[in-house]
Number of protein chains: 2
Amino acid sequence: MAENLMKNGHSLVVHDVNAAAVERAVAAGASAAATPAELAAQVETVVTMLPNSTHVLEVYAGTAGLLSTVSRGALMLDSSTIAPDVSRQLAAKAEKAGARFLDCPVSGGVNASKAGSLTFMVGGAEADMAAARAVLGCMGGNIVHCGAAGSGQAAKICNNMLLAVTMIGVSETMNLGVRLGLEPALLASILNSSSGRCWASDTYNPVPGVMPTVPSSNGYQGGFGTALMTKDLGLAQEAATSSQTPTPLGSLAHQIYRILTTSGYAEKDFSSVYQFLKEQEGGK
Amino acid sequence: MAENLMKNGHSLVVHDVNAAAVERAVAAGASAAATPAELAAQVETVVTMLPNSTHVLEVYAGTAGLLSTVSRGALMLDSSTIAPDVSRQLAAKAEKAGARFLDCPVSGGVNASKAGSLTFMVGGAEADMAAARAVLGCMGGNIVHCGAAGSGQAAKICNNMLLAVTMIGVSETMNLGVRLGLEPALLASILNSSSGRCWASDTYNPVPGVMPTVPSSNGYQGGFGTALMTKDLGLAQEAATSSQTPTPLGSLAHQIYRILTTSGYAEKDFSSVYQFLKEQEGGK
C-alpha cells in the first residue's frame, strides 16, 4: 500500500513496530517517524493499517498517538478491520481535534494490495469522500461509500460473516454429497446452476481438484487464513451482541472457525473447513 | 405434469387419492385406475409424484402396489423428493420385477411444472437415460443425470440444504447490517459484488423492497414454503446421520426452519426467515 502511494507521487512519512518494514519504505524514499505523534505532526493525510481495535485505539488516542498532534483539517483513513463502535468513537475524537476520520477496511488480500486493486468499504461523511477517493484510489480499484462513520466496518464484517456461513455450508454440502456417492465436480456444477449457487462454490470451491487455481487445489495454502476469518467472525458477534441481533448460523460459524484455529488450521486458507469436516467420523 | 404429458401425445392412465385431481385428468382425456396395481398392469411407463418416503414405499411395494403387476421392461420414474436409501431399495425391487426404476426429483415449483420447465435430477442406470429423457422432456427443460440409483435424491437434498444455509445466512447478514445502520439495497449490492454473493442474495433477496418480483416483496406469499423446506432439511439430516457426515450448519438450519413451521411461517415462502429474525429482540 505504501509502495503504491509513492508510485502515485505521494511523499511518505512512515511508522511501524516492524523495523524491517520501515527500512524497506525508507529505502524506497520515505522518511521515518519515531512515534505516531511525530508522524501526524508532519503530514496532511494519515493512512493506518493495524491488526485490531486495541492497536487502533492506542495508535490514534494513546500517549504519543496521532490525535495528540494531528493538524486541523487532516484526513485520517483507517484501513484496519475493527469494531464499528470503535471506528465511530475515533471519528468523534478526530472531529474534536479538527480532523476528518473515515473507516476504510479493505478486501482483496495481499495480491490485490500489491496490484493496487483493493476494495475499500468506506464509512464517513459524504463531504470527505472526494478527498478520500483521491488517496484510496492509489491503492484500490473499487471504493464504496457505505454510509456514516462505522459503516465501512459494518459492510466488511457483514460480508465476511456471510462468506464464512456459505463456505462452511458448501463444505458440508460437498462432503455430504460425496459420501452419498456423487462425483464432486458434477455436484459442484449442479449447485452452481441451481439455487444453492454461491461464490464459495462457483469461484472458490473448497474441494481439492474441482477448480485448479484456488487454495483448495494447492494444499489450502495462500488465500485468506482461518485465523483472520475467526477474527472477523468475532467482530461480527460483538456487533450482533451489542445490537441485540440474532445470528444463529453466524455464531456457529464463528465457533467452528475457532475450533479450526486450535486444530492445526490457523494458517491454512479458510476453505480448509472442508478438509476438517471430511476427516471427521465416516471420512476416508 | 399430467397435462404436459398429454400435450406431448402420451395416453394417460391416472390414479390419485385426490378424486378432484383424477376427475380433472379424466376430463382432459385420461382414463382412471382404481389402484396402483390396476394402473401398472396397463402401462409401459409409470410416473409418480408423492409427498414422502412412506407414500412412495406403499404405492410401489405395498398391497395393490405398482410392483405387483408391473410389466417386464417397464420404465418407472419417481419424481417425489424422498430419502436416497428408499430410492435405492425401490430400484432394487423394481429390478427383481424386471422393471427399470429411476429417482427423478424436481426443482422449479408449481410455475415451472405448469410451464413444462422443471429441472429433473435423475439417479439410475446410464442405459435407461435415453428412455427417461424422452418422457421427462415433456415436463422439464433441464434433465441432469447425477449417477446411480439414489443420486438424484442426493443432489436434490444437497442443493436444498445449501439453499437453506445461504438463505438464513443472507437473512442474518442483512438484518445485522440494517441494525448497524446500513441501507438494505446498498448492503445487498455490496454483498452481490463481493465474496458473500449467493443466489439467496442476488436472485431471491429476503428483505422486502430490495428486489421487486420475489416473494419477500409480496408478503412472503408463493415461492417455496417453509414446511417443504423443513421436510427437505429433515431428509438431509437423515442422510447425514446414516452416512456419519457432520453438518453443523445444515443441522441448525433444519432446527431453525422447524421452529418457523410452528411459529406461523409454515405456509410462507422460506425467505420469511428474515422476517422471523427481524422480529426478535432488538427489532423495530
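Computed from a predicted structure; not experimentally measured.

### So, the overall build of chain A
Looking only at helices and strands, chain A has 13 helices and 8 strands in total. With the C-alpha coordinates aligned to their principal axes, the bounding extent of chain A is approximately 65 × 45 × 35 Å. In chain A, buried positions account for 51% of the 284 residues. Within chain A, contacts between residues at least 6 apart in sequence are counted, and of these 63% link residues at least 24 apart.

### Section: helix H4 (residues 53-61) of chain A
For an α-helix the count is 3.6 residues per turn, leaving residues at separations of three or four pointing the same way. Residues and elements named next belong to chain A. Of all the positions in H4, only Ser 53, Val 56, Val 59 and Tyr 60 are classed as buried. For H4, the angular spread of buried residues about the axis comes to 135°, placing them on one side. Its buried side turned inward, H4 meets helix H3 (36-40), strand E3 (45-48), strand E4 (75-78) and helix H5 (84-96).

### What about the interface of chain B and chain A?
Listed per partner, the contact involves 57 residues of chain B and 57 residues of chain A. Within the residue set of the side of chain B that touches chain A, elements represented by two or more residues are strand E8 (140-147), helix H8 (151-179), helix H9 (184-192), helix H11 (226-242) and helix H12 (248-261) of chain B. Split into classes, the residues belonging to the side of chain B that touches chain A amount to 31 nonpolar, 21 polar and 5 charged.

### Section: the relation of the copies chain B and chain A
These two copies of the chain differ by a rotation about an axis and a displacement along the same axis. Of the transformation superimposing chain B on chain A, the axial component is 0.0 Å and the angular component is 180°, with the fit at an RMSD of 0.1 Å. Interpreted geometrically, this transformation is the action of a two-fold axis. Taking C-alpha positions as reference, the residue of chain B nearest the rotation axis is B:Cys198, located at 1.9 Å. In this assembly, 100% of the residues forming the interface of chain B have copies in chain A that are likewise at the interface, indicating an isologous arrangement.

### Looking at the nonpolar core
Core analysis: the largest hydrophobic core is formed by 168 residues, its most contacted members being A:Met76, A:Leu77, A:Ala164, B:Met76, B:Leu77 and B:Ala164. Other than its neighbours up to four places away in sequence, B:Ala164 contacts B:Met229, B:Leu233, B:Ala253 and B:Tyr257.

### Some words on the pairing of strand E5 (residues 100-103) of chain A
Residue and element names in this part refer to chain A. With burial as the criterion, each face of E5 is covered, one bearing Arg 100 and Leu 102 and the other bearing Phe 101 and Asp 103. Sheet analysis places E4 next to E5, joined by 4 bridges and oriented parallel. When the bridges of E5 are listed, Asp 78 appears paired with Asp 103. Where the polypeptide runs from E4 across H5 and back to E5, its parallel neighbour, the crossover connection is right-handed.

### Topic: the environment of B:Pro36
Residues and elements named next belong to chain B. Take Pro 36: it is sitting in helix H3 (residues 36-40). The class for Pro 36 is buried, based on 24 C-beta atoms found within 10 Å. Each C-alpha atom of the pair Pro 36 and Thr 69 lies 8.8 Å from the other, and the pair is 33 residues apart in sequence. The contact partners of Pro 36, leaving out residues within four places of it in the chain, are His 15, Val 59, Ala 64, Gly 65 and Leu 66.

### Focus on unusual backbone geometry
All names here are of chain B. A positive phi angle is found at Tyr 220, which is not glycine, with a value near 60°. For Tyr 220, the location among the structural elements is in the loop between helix H10 (199-202) and H11. By the C-beta count within 10 Å, which is 24 here, Tyr 220 ends up buried. Residue Gln 244 is not a glycine yet carries a positive backbone phi of 50°. Topologically, Gln 244 is positioned in the loop between H11 and H12.

### Notes on the confidence of the model for chain A
Taken over all residues, the pLDDT of chain A has a mean of 96, while the share at 70 or more is 100%. Two summary scores accompany this predicted model of the complex, namely pTM at 0.94 and ipTM at 0.94.

### Thoughts on the domain arrangement of chain A
All names here are of chain A. Split into domains, chain A comes out as domain 1 (2-147) and domain 2 (154-278). For domain 1 and domain 2, the distance between their C-alpha centroids amounts to 30 Å. Between domain 1 and domain 2, the contact holds 10 residues from the first and 10 residues from the second. Class assignment for the residues of the side of domain 1 that touches domain 2 results in 5 nonpolar, 4 polar and 1 charged.

### Let's talk about the packing of helix H12 (residues 248-261) of chain A against H12(B)
Geometry of a packed helix pair, given as the angle between the helix axes and the separation of the axes. With their axes 10 Å apart at the nearest point, H12(A) and H12(B) run at an angle of 160° to one another. Comparing their axes, H12(B) and H12(A) come out roughly antiparallel. At the point where H12(A) passes H12(B), the crossing takes the right-handed sense. Residues A:Pro248, A:Leu249, A:Leu252 and A:Ile256 of H12(A) touch H12(B), and the partners they reach there are B:Pro248, B:Leu249, B:Leu252 and B:Ile256.

### A closer look at the packing of helix H8 (residues 151-179) of chain A against H9(B)
Relative to each other, H8(A) and H9(B) sit at 55°, their axes nearing to 10 Å. The orientation of H8(A) with respect to H9(B), classified from their angle, is oblique. Here H8(A) and H9(B) pass one another in a crossing that is right-handed. Here H8(A) contributes A:Ala155, A:Cys158, A:Asn159 and A:Leu162 to the contact with H9(B), which in turn contributes B:Leu187, B:Ile190 and B:Leu191.

### Structural notes on the pairing of strand E7 (residues 118-123) of chain B
All names here are of chain B. Burial analysis of E7 places 6 of its 6 residues in the buried class, the great majority of the element. In E7, alternate side chains face the same way, and those of Leu 118, Phe 120 and Val 122 on one face and Thr 119, Met 121 and Gly 123 on the other are all buried. Both strand E6 (residues 106-107) and E7 contribute to a ladder of 2 bridges, which runs antiparallel. Within E7, the residue paired with Val 106 across the bridge is Phe 120.

### Quick word on H5(A)
All names here are of chain A. Between its terminal C-alpha atoms H5 stretches 19 Å, which fits the 18 Å expected from 13 residues at 1.5 Å a residue. Every buried residue belonging to H5 is among Pro 84, Val 86, Ser 87, Leu 90, Ala 91 and Ala 94, and all of these are buried. Relative to the axis of H5, the buried residues are bounded by an arc of 155° and lie together on one face. Pointing more than 90 degrees away from the buried face of H5 are the exposed residues Ala 92 and Lys 96. Packing partners of the buried residues in H5 comprise H4, E4, E5, strand E7 (118-123), H8 and helix H11 (226-242).

About the criteria used
- Residues numbered from 1 in each chain as written.
- Chains lettered and ligands numbered in written order.
- Predicted model: local features only at pLDDT ≥ 70, side-chain atom pairs only at ≥ 80, totals over all residues.
- Helix = DSSP H or I, 4+ residues; strand = E, 2+ residues; numbered from the N terminus.
- Buried ≥ 20, exposed ≤ 12 C-beta atoms within 10 Å, placed from the backbone.
- Contact = placed C-beta atoms within 7 Å.
- Arc of directions from axis to C-beta.
- Nonpolar A, V, L, I, M, F, W, Y, C, P; charged D, E, K, R; others polar.
- Least-squares fit on C-alpha atoms with pLDDT ≥ 70 in both.
- Core = buried A, V, L, I, M, F, W, Y, C linked by C-beta atoms within 7 Å.
- Pairing = 2+ DSSP bridges.
- Right-handed = clockwise from strand over helix to strand, strands pointing away.
- pLDDT = per-residue confidence, 0-100.
- Domains from an automatic or database assignment.
- Axes fitted to C-alpha atoms, helices over the stretch in contact; angles between N-to-C directions.
- Parallel < 35°, antiparallel > 145°, perpendicular 65-115°, else oblique.
- Left-handed = near helix turned anticlockwise from the far one by under 90°.
- Expected span 1.5 Å × (residues − 1).

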